[in-house]
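Breakdown of the fold
If you want the building blocks of each chain, they are given just below.
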Amino acid sequence: MIPGLKKDVEAAVQEACQRLWGVPPPRVVLETPPKVELGDLALPVAFELAKVLKRPPRKIAEELAPALVLPAVVARRTVEGGGYVNLFLDRPRALARMLGPSGPPPAVPGKTVVEHTNINPNKAAHIGHLRNAVLGDVLVHVFRRLGRKVEVQNYLDDTGVQVADVVVGILRAEELIDPHRASALAAEIRTYLDSFPHDPPGAETRGLGDACWDLYALVGRSYAQDQGLEDARRETLRAVEGAALGETLHGAEAEAAALAGKLAEAVVRCHLKTMERIGVGYDLLPRESDILALHFWSRAFERLKAAGATHLETHGKNAGCWVMRLEGAKEFEGMEDADKVLVRSNGTVTYTGKDVAYQLWKLGVLGIDFEYEPAPYVTPFGDPEFVSSEGDAPLYRTRKDPTGADPAVRGRFGGGTTVINVIDVRQSYPQKVVKEAVRRAGYPEAADRSVHFAYEMVALTPAAADAMGVPLTDEDRARPFVEMSGRRGLGVKADDLLDRLVEKAREQVMARSGGEPPEPGRAEAIAVGALRAYMTRFSRNKVIAFDFDEALAFEGDTGPYLQYASVRAANIFRKLEAQGLTGRLDEAEAASVADLDPALLDDGLWDVVRTCGRTQETLEKVAETLEVSLLVRHALAVGAAFHHLYHTHPILQAEDEATRRARRAALQVVAATLEEVLGVLGVPVPDRM
RNA sequence: GCGCCCGUAGCUCAGCCCGGAUAGAGCGUCAGACUCCGGAUCUGAAGGUCCCGCGUUCGAAUCGCGGCGGGCGCACCA
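Bear in mind the structure is a predicted one, so any value in this text is a computation, not a measurement.

**Describing the overall build of chain A**
Scanning chain A for helices and strands turns up 26 helices and 16 strands. Relative to a compact globule of 689 residues, whose C-alpha radius of gyration would be 26 Å, chain A shows 29 Å and is just as compact. Dimensions of chain A, computed from the C-alpha atoms along their principal axes, are close to 85 × 65 × 60 Å. In chain A, the share of contacts with a sequence separation of at least 24, taken over all contacts with a separation of at least 6, comes to 73%. Summed over all atoms, the accessible surface of chain A reaches about 29,600 Å², with 50% contributed by carbon and sulfur. When the 83 basic and 99 acidic side-chain charges of chain A are each reduced to a single mean position, those positions are 4 Å apart.

**Things to note about the sheet that holds strand β15 (residues 482-483)**
Strands sit in the order β15-β14-β16 across an open sheet of 3 strands; the sheet is mixed. The sheet is open, and its two borders are formed by β15 and β16 (544-546), each paired with just one other strand. Relative to β15, strand β14 (residues 458-460) is paired through 2 bridges, and the arrangement is antiparallel. In the strand pairing of β15, Ala-459 is matched with Glu-483.

**Focus on the nonpolar core**
Counting residues in hydrophobic clusters, the biggest one holds 113 residues, and the most contacted among them are Ile-127, Leu-263, Leu-460 and Phe-546. Residues within four places of Phe-546 in sequence aside, it is in contact with Ile-127, Val-458, Ala-459, Leu-460, Thr-461, Ala-464, Val-492, Leu-497, Tyr-534 and Ala-551.

**Thoughts on helix α2 (residues 45-53)**
Buried within α2 we find Val-45, Ala-46, Leu-49, Ala-50 and Leu-53. Looking straight down α2, one finds its buried side chains confined to an arc of 145 degrees; they lie on one side. Buried positions along α2 lie against α1 (5-21), β1 (41-43) and α3 (57-67). One or two positions beyond α2, positive phi appears at Lys-54, with a value near 55 degrees.

**Observations concerning the protein's contact with RNA strand B**
The full set close to RNA strand B counts 66 residues, and Arg-344, Arg-512, Ser-539, Tyr-564 and Arg-568 are the nearest of them. Taking all atoms of RNA strand B within 4 Å of the protein, the share assigned to sugar and phosphate is 66%. One of the side-chain nitrogen or oxygen atoms of Asn-541 is found 3.0 Å away from a phosphate oxygen of RNA strand B. Between a phosphate oxygen of RNA strand B and a side-chain N or O atom of Arg-568, the distance comes to 2.4 Å. Those elements that provide at least two residues to the surface near RNA strand B are α2, β3 (84-89), α14 (428-440), α18 (494-512), α21 (559-578) and α25 (629-648). Looking at the surface near RNA strand B residue by residue, the classes come out as 31 nonpolar, 15 polar and 20 charged.

**Points about unusual backbone geometry**
Along the chain, Phe-196 connects to Pro-197 via a cis peptide bond; the corresponding omega equals 5 degrees. Structurally, Pro-197 is set in the loop between α7 (179-195) and α8 (206-223). At Thr-117, a residue that is not glycine, the phi angle is positive and equals roughly 80 degrees. The class for Thr-117 is buried, based on a relative accessible area of 4%. Residue Asn-118 is not a glycine yet carries a positive backbone phi of 45 degrees.

**Details of the sheet that holds strand β2 (residues 74-80)**
Strand order in the open sheet formed by 3 strands is β1-β3-β2, with antiparallel pairing between adjacent strands. This sheet does not close on itself; its edge strands, each paired only once, are β1 and β2. Neighbouring strand axes in the sheet, compared pairwise and without regard to direction, differ in orientation by 25 degrees on average. As defined by bridge partners, β1 adjoins β3 across 3 bridges and the pair is classed as antiparallel. Across the sheet, Ala-42 pairs through a bridge with Asn-86, a residue of β3. Its contacts with the sheet put α1 on β1, β2 and β3, and the angle it makes with β1 is roughly 30 degrees. Contacts between α3 and the sheet are confined to β2 and β3, with β2 contributing the most and set at about 165 degrees to the helix.

**Remarks on helix α19 (residues 522-536)**
Its 15 residues give α19 an end-to-end C-alpha distance of 21 Å, which sits within 8% of 21 Å, the value for a rise of 1.5 Å per residue. Across the 15 residues that make up α19, a large majority, 14, are buried.

**A closer look at the pattern of salt bridges**
Going through the model one piece at a time under the given rule, you end up with 53 salt bridges. Notably, a salt bridge pairs Lys-354 with Glu-241, separated by 4.0 Å at the nearest N-O pair. Highlighted residues: Lys-354 in helix α13 (residues 351-362) and Glu-241 in helix α9 (residues 227-244), separated in sequence by 113 residues. You'll find Lys-354 and Glu-241 in the same group, each marked buried. When the shortest N-O distance is used, the salt bridge between Lys-273 and Glu-385 registers 3.1 Å. Here Glu-385 lies in the loop between β10 (371-374) and β11 (396-399) and Lys-273 lies in helix α10 (residues 251-277), a separation of 112 residues in the sequence. Salt bridges sharing partners connect three or more residues here, namely Arg-206, Asp-210, Arg-277, Lys-493, Asp-495, Asp-496 and Asp-499.

**Describing the environment of Asp-557**
Looking at the element boundaries, Asp-557 is found in the loop between α20 (548-551) and α21. Sequence separation between Asp-557 and Ala-635 is 78 residues, and the spatial gap between their C-alpha atoms is 9.8 Å. Each residue touching Asp-557, except ones within four places of it in the same chain, is listed here: Arg-537 and Leu-636.

**Some thoughts on the environment of Ala-565**
Among the secondary structure elements, Ala-565 is positioned in helix α21. Judged by its relative accessible area of 0%, Ala-565 is buried. Once the C-alpha coordinates of Ala-565 and Gln-227 are considered, the two residues, 338 residues apart in sequence, prove to be 59 Å apart. Once residues within four sequence positions are removed from consideration, Ala-565 is found in contact with Gly-639, Phe-642, His-643 and Leu-674.

**A closer look at the domain arrangement of chain A**
Annotation of chain A at the domain level lists domain 1 (5-89), domain 2 (111-153 + 280-308 + 355-453), domain 3 (161-274), domain 4 (459-552) and domain 5 (559-681). Taken over C-alpha atoms, the centre of domain 4 sits 31 Å from the centre of domain 5. Residue-level contacts link 11 residues of domain 4 with 11 residues of domain 5. In this assembly, domain 4 packs against domain 5 so that about 850 Å² is buried in total across both faces, 50% of it on carbon and sulfur atoms. For domain 4, the biggest contributors to the area lost against domain 5 are Thr-536, Arg-537 and Arg-540; these three give 52% of the whole. Across the domain 4-domain 5 interface, the total number found is 0 salt bridges. For the side of domain 4 that touches domain 5, the residue count by class is 5 nonpolar, 3 polar and 3 charged.

How each quantity is defined
- Residues numbered from 1 in each chain as written.
- Chains lettered and ligands numbered in written order.
- Predicted model: local features only at pLDDT ≥ 70, side-chain atom pairs only at ≥ 80, totals over all residues.
- Heavy atoms only, no water.
- Helix = DSSP H or I, 4+ residues; strand = E, 2+ residues; numbered from the N terminus.
- Rg over C-alpha atoms; globule rule 2.2 N^0.38 Å.
- Contact = heavy atoms within 4.5 Å.
- Areas by Shrake-Rupley, 256 points an atom, 1.4 Å probe, with all protein chains shown as cover.
- Lys, Arg positive; Asp, Glu negative; His and termini not counted.
- Charge placed at Lys NZ, Arg CZ, Asp CG, Glu CD.
- Pairing = 2+ DSSP bridges.
- Core = buried A, V, L, I, M, F, W, Y, C linked by side-chain atoms within 4.5 Å.
- Buried < 20%, exposed > 50% of the residue type's maximum accessible area, 1.4 Å probe, protein only.
- Arc of directions from axis to C-beta.
- Near = heavy atom within 4 Å.
- Polar contact = N/O pair within 3.5 Å; in protein donor to acceptor, adjacent residues only side chain to side chain.
- Nonpolar A, V, L, I, M, F, W, Y, C, P; charged D, E, K, R; others polar.
- Axes fitted to C-alpha atoms, helices over the stretch in contact; angles between N-to-C directions.
- Expected span 1.5 Å × (residues − 1).
- Salt bridge = Lys/Arg side-chain N within 4 Å of Asp/Glu carboxyl O.
- Domains from an automatic or database assignment.
- Buried area = accessible area lost by both parts, 1.4 Å probe.

Shown next as C-alpha cells:
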C-alpha cells in the first residue's frame, strides 16, 4: 500500500532473524489480516521459523515483534493468533502518502505481444469469444498499467475450412437441406458483400454475421446428408489456398476464392464492430493468407528440417506426411500416438504448421516480415473505421507485397520479448505442439518466452439452450452444460446478449427515474460493465455454464454494483461543491492529512483505505498468474467497503471540519482506486446510473 | 486407456500456488434501515461431513497417495 514498505519490512525481518537467532529467515510473505482491527499487514514468519528453531510459533513471534526495526509509517505491532506478527500503520501519515501523486509506472523494457479474439471469420461472434476477448483485453490493460509496452494482435484465419463452408453454402444453396431458406440467406449475404465496406441501405452490420451463422449451421447439417458437398468444400479450400499462394485461377475456382476473401473481410468487420461495443481494440490483424503468400511456412520448414525436428514419413498411417515426432518428449508422455503431422500427404500445411511459422514471427526469430496497410474499413467520410488499441493510430493489417503498403510502419509489429496467446484450454495440445516445434527449430529460449493463456470454455446450461429454442437430445439434457457449436448453430450470439443487457439497463434506469429514458450511451455503459464483470469474475480454469439470469444480474457481485459505487463517490464530491464546501483535496490539503488526529480515522473508515492499498499488488499478481478474476474481486472488495462506509460515515453531514477532511481524504482514495481499477477492467462509468 | 481441469452453504463462486487467526462473498429465503451524500445500497439471521479414504504435520479446504463423480483433450479439423 505504501511504495517500498514491503521491501523495508522484509529487510527488517531478515536483519532481526540474523540478530536474534543467527538464522536466515525463510521467505517473507506479507499477508493482509482478515479484519481491520487486526492490523494492516500480517507476517506469518514465526510459523516458518518454528520448524527451524523447534519452538512454538507464538513464542517466536513475541520475541520477534519488538525486535523489528521498522520504518516510521508503522505505528505499532502486535502478536495475534498462533503467532502472527501484525503491523499497524500510522493512519494519517499513510493516508497522506496514498493521496500523493502516483505518476506513470516506470517503463519496462521489451514488448509483450498479446494475441486474442481470433474468431473464425465465417459467422457472428458468440459469448465464448467474448470471454476470450475480455480476458485478453483486461490483461493488456494490466500490463500497460505496470509499464509494459503491449501490442495486440487478432489473428484472422481467412483461408480455413470454416470460411470455405460458408462459401459452399452461398454457391450451392440450392443443394442444402432447406434450399429455400439457404438461398434467401445466400442472397442476403451477397447484398452485404456488394456494399462492403459499408452496410447495405437500411441494414445493420451485424445482419451479415447473423445470416452467416444460420447458413453455416445449414451447411453443417447438409454435409451429413450429401457427400458431394464435402467435395465442394475441398475444392473451395484448394482455390482459397491457391489464390493466397498467387496461383492464377479461372472460372468457378476464381469465383470461390474471391468470394471467400470478400466474405472473411466483411465478417471480420462485424467482429470488430461487436468488440468495439465492449471497448476492445487491436493494433494488428495478421492474416493467414499472408502467411501463406509470404511463404512463412517454407522458412519455418527449413529450420525444422535443418534441426532434424521433422521428417518425411515413408510408411504407416502418416505415409507421405512431414511429421514431428513427439514420443519421448516429457510433455507428451503416455500418448498413444504422439506424432504430429505438419505437412499433409497432399502437400498442404496443417493449421499447426502455419501456427509454428506465425509463432516464430511473433517471437522475432523467423527472419522475414510482413508488409502492412491500414485495415480496409473506412467510414463514408473516408476515415478509418477502427483505430489501434490505444486509439493513437489506425488499425493495421498484414499485407503480402509492398505495393500500397504503408512504409512508415514497416518492421513495427511482431518480435515480442514475451508472447501471450489467449486461446481456450481445449487447444492445449496443439499449443504445446507449437511451442515444442519452436524449441526444436532451434529456439528453446524463444519457446520459453511464449505463453499459452488457457481459459475454460463458456458452455450453455440446458435451460439457456431451451430459452433459445435450440432442440436438445435427451443426452444433452442430462448434462450439467452443453458445449456451444457453430456447426449446430448452438450458441448465444455476442450481440444478442449485449442487446438484452442494454434493454434491461434501459428498463432499470427508467424504473428508477420515473419513466425518463436514459441519455445516449448510459444504458450501453451499464450493459458493458455487467458483461465485462461477468466474463472476468470466474477463475479462468472454471467452465462458465452460461445462464441468462446470472449474466443479466445487476445486483450483488456485478459490474453495475461497481459502477454505482464509483458514481456515488463522484456524487459526494459534486454535492460538496454545490453546497459551497471543498470537494477534492488539493496538494497542500492532502499533505496536511498527515497531521490529522488518528482517532478520526477509525476502523470503519480505515477498512476501505486498507482495501484500496492492495491495488498495486493485485495488479502484479494478475500479471504474474494471468488470473484476471483477482482484479474483479479486488474491485468488488473496494466497492463493498465503500458502500458500507457510505452508510456509516456521512460526509456532507459530518460533525466538524476535521472529521469531514478525514472522510474526504478516504473518499478521494476510494474514488481514485475505483477509477483506476474499473479503467483496467474496461468497465465504463456513466455520469449517473 | 492416457493426460489436463472441476468437486466448498439450496444455487453460482472465492479461499488451495505459499498449511495457521471463528471457512468467506453474491444470489435465493427470513427480519430490518435515518424526513439527513441516490435503496442498482446497507445491517442482521438462518444455511457448511470443504466429494470419500489413507498419509504427512503441533496443525490440512490447502501438501502427498489411492478412490468416486463430472467435464475437456488425445486428427492429414481448427
